[in-house]
Amino acid sequence: GKTFKASKNKLSTPNKKQQIIGQKIQKERVQDKTHDSVRITKALSMSGVGSRRHVEELIQKQEVFVNGKVGILGQQINHDDKVEIHNKSIRIKWADRLARIIIYHKPQGELVTREDKLGRSTVFEKISLLKNKRFIAIGRLDFNTCGLLIFTTSGELAQHFTHPKYEVEREYSVRIYGDELTQDQINQLKTGVKIDDYIGKFADIVKLTAQDSDIKNHWYKVVLLEGKNREIRKMFEFFNLIVSRLMRTRFGPIALPNRLKRGQYYELTPIEVSEIMHKFNLDIAGNIDTRSI
């Protein structure tokens, strides 16, 4: 079938002052870290050579050369080093520029992966900007879950969003079919229910008044502090309740804008990107900001 491309939504047009600040931020470089060295696998994957695993394979096959010598796994490289793969010089993209963030209103029926062996639709095909291999998805949404999906060029930012130790809130709207939850069930979902080999619990759960015409449908807003595969569906299944719709509406400081319709994406402006970075104590390039430590 034909793949329909996602459309870009200009949620807001920055005024003159914002444009000037934005241009300033974009030109800014994180202070020259010439003394800093980076692991070769990280440097090459940041520079679009491929995934870290792919880079490791190239190094193991002795196809990577640093300053004319065969590269080795775990090797550190810095700004003065010359890196070649198959006799072709690689321009290392040092992480000193403004990171990029894209938000997407994912419809149901799309996979969060670069390629699918079964040929199903993937989010990376939908947004042409994501052909840039430096973009990674922050967390995932399964095939049948819709809503907010975030992509970034900063691995550190993705880590700060998803690692359990940072306890970043994920907020979802959930529609269940059947009876509404009793107070006991709500309490239990907050204290924790046993799923598979772990305890799943909501940091918050609130009944939404938005009612469907079908009296059998009930909507809830739930907040999780970490996202495991199909966790929300499994938590409701614990009470034999079927989730008939699941939509992520917020992830940490980023909420799904009302004006971003299904299948539309929006790239955050430099000002918005720097605000997000600041919230996580990262610099504009998405590195840990040593000034704030």
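See the structure printed just above.
These numbers were taken from a predicted model, which means no experiment stands behind them.

Novice: Can you walk me through the overall build of the protein in this structure?
Specialist: Helix and strand counts for the protein come out as eight helices and 18 strands. Seen through its principal axes, the protein has C-alpha atoms that stretch 70 × 50 × 45 Å. If you sum the accessible surface of the protein, you get close to 16700 Å²; carbon and sulfur atoms cover 49% of it. If you average the places of the 52 positive and of the 35 negative side-chain charges in the protein, the two averages end up 6 Å apart.

Novice: Could you clarify how one ought to interpret the nonpolar core in this entry?
Specialist: One broad rule of soluble globular proteins: the nonpolar side chains tend to lie buried together. Formed by 34 residues in total, the largest nonpolar core has its most connected members in Phe151 and Phe236. Setting aside chain neighbours within four positions, we find Phe236 in contact with Val174, Ile176, Leu181, Leu189, Phe202, Ile205, Val222, Leu241 and Val243. Core analysis: the next-biggest nonpolar cluster, separate from the first, contains 28 residues, Ala99, Ile103, Cys146 and Leu260 among them.

Novice: Would you explain the sheet that holds strand β7 (residues 88-90) in this entry?
Specialist: Strand pairs in the sheet, formed through backbone hydrogen bonds, run parallel or antiparallel to each other. Taken together, the four strands give an open sheet; going across it, the order is β4-β3-β6-β7, and neighbouring strands pair in antiparallel fashion. Of all the strands in the sheet, just β4 (69-70) and β7 have a single pairing partner and so form its edges. Bridge count between strand β6 (residues 83-85) and β7: three bridges; the pairing is antiparallel. Note on β7: the bridge partner recorded for Val83 is Ile90.

Novice: What's the story with the pattern of salt bridges in this structure? I'm lost.
Specialist: Two side chains that carry opposite charge are able to pair once their charged atoms sit near each other. What the rule picks out here adds up to 11 salt bridges. When salt bridges with common partners are traced through the structure, they connect Glu169, Glu171 and Arg250 into a single cluster.

Novice: How do you make sense of the packing of aromatic side chains when you look at a structure like this?
Specialist: Each aromatic ring pair is characterised by the separation of its centres together with the angle its planes make. Scanning all chains against the criterion turns up five aromatic pairs. Over the face of the ring belonging to Tyr220 we find Lys207, whose NZ or CZ atom lies 5.8 Å from the ring centre. Directly above the ring of Tyr198 sits Lys228, whose terminal nitrogen or CZ lies 4.6 Å from the centroid.

Novice: I'm lost on the packing of helix α1 (residues 16-27) against helix α8 (residues 270-279) in this one. Help?
Specialist: Each packed pair of helices is defined by two parameters, the angle between the axes and the distance between the axes. Look at α1 against α8: their axes get within 8 Å of each other, and the N-to-C directions meet at 60°. Regarding the angle of α1 to α8, the classification is oblique. On the side of α1, the interface is formed by Gln18, Ile21, Gly22, Ile25 and Gln26, while α8 contributes Pro270, Ile271 and Ser274. Each residue belonging to the contact of α1 with α8 can be placed in one class, and the counts come to four nonpolar, four polar and no charged.

Novice: Quick question: what am I supposed to make of helix α5 (residues 155-162) here?
Specialist: Note: α-helices contain 3.6 residues per turn, so residues at a spacing of three or four share the same orientation. Those residues of α5 that sit buried are Leu157, Ala158, His160 and Phe161. In an axial view of α5, the angular spread of the buried residues amounts to 160°, which keeps them on one side of the axis.

Novice: What is the right way to look at α8 in this model?
Specialist: Every buried residue of α8 is listed here: Pro270, Ile271, Val273, Ser274, Ile276 and Met277. In this fold, the buried residues of α8 make contact with α1, β8 (101-106), α5 and β17 (254-255). In the segment just after α8, Asn281 is the residue with positive phi, at about 55°.

Novice: Can you help me understand the environment of Val243 in this one?
Specialist: Residue position: Val243 is located in strand β16 (residues 242-251). Apart from residues lying up to four places away in sequence, Val243 is in contact with Val174, Arg175, Ile176, Arg233 and Phe236.

Novice: So what exactly am I meant to see when it comes to the side chain of Arg250 here?
Specialist: Mapped onto the secondary structure, Arg250 falls in strand β16. Reaching out from Arg250, the side chain makes a polar contact with the side chain of Glu169 at a distance of 2.6 Å. Each residue touching Arg250, except ones within four places of it in the same chain, is listed here: Leu148, Glu169, Arg170, Glu171 and Ala255.

Novice: Whenever I open this one, the environment of Leu157 confuses me. Can you help?
Specialist: Inspection of the secondary structure puts Leu157 in helix α5. In sequence terms Leu157 and Gly286 are 129 residues apart; their C-alpha atoms lie 5.8 Å from each other. Those residues within four positions of Leu157 in sequence are excluded, and the remaining contacts are Ile101, Ile138, Thr152, Ile276, Met277, Phe280, Leu282 and Gly286.

Novice: I'm lost on the pairing of strand β15 (residues 217-224) in this one. Help?
Specialist: Along β15, seven of the eight residues are buried, which leaves the element largely enclosed by surrounding structure. In the sheet, strand β11 (residues 170-177) pairs with β15 via eight bridges, with the strands oriented antiparallel. Looking at β15, one finds that Arg170 is bridged to Leu224. Note that strand β14 (residues 204-207) and β15 share four bridges and pair antiparallel.

Here is what the cut-offs are and how they apply
Residues numbered from 1 in each chain as written. Predicted model: local features only at pLDDT ≥ 70, side-chain atom pairs only at ≥ 80, totals over all residues. Heavy atoms only, no water. Helix = DSSP H or I, 4+ residues; strand = E, 2+ residues; numbered from the N terminus. Areas by Shrake-Rupley, 256 points an atom, 1.4 Å probe, with all protein chains shown as cover. Lys, Arg positive; Asp, Glu negative; His and termini not counted. Charge placed at Lys NZ, Arg CZ, Asp CG, Glu CD. Core = buried A, V, L, I, M, F, W, Y, C linked by side-chain atoms within 4.5 Å. Buried < 20%, exposed > 50% of the residue type's maximum accessible area, 1.4 Å probe, protein only. Contact = heavy atoms within 4.5 Å. Pairing = 2+ DSSP bridges. Salt bridge = Lys/Arg side-chain N within 4 Å of Asp/Glu carboxyl O. Phe/Tyr/Trp six-rings, centres within 6.5 Å; stacked < 30°, edge-to-face > 60°. Lys NZ or Arg CZ within 6 Å of the ring centre and 35° of its normal. Axes fitted to C-alpha atoms, helices over the stretch in contact; angles between N-to-C directions. Parallel < 35°, antiparallel > 145°, perpendicular 65-115°, else oblique. Nonpolar A, V, L, I, M, F, W, Y, C, P; charged D, E, K, R; others polar. Arc of directions from axis to C-beta. Polar contact = N/O pair within 3.5 Å; in protein donor to acceptor, adjacent residues only side chain to side chain.

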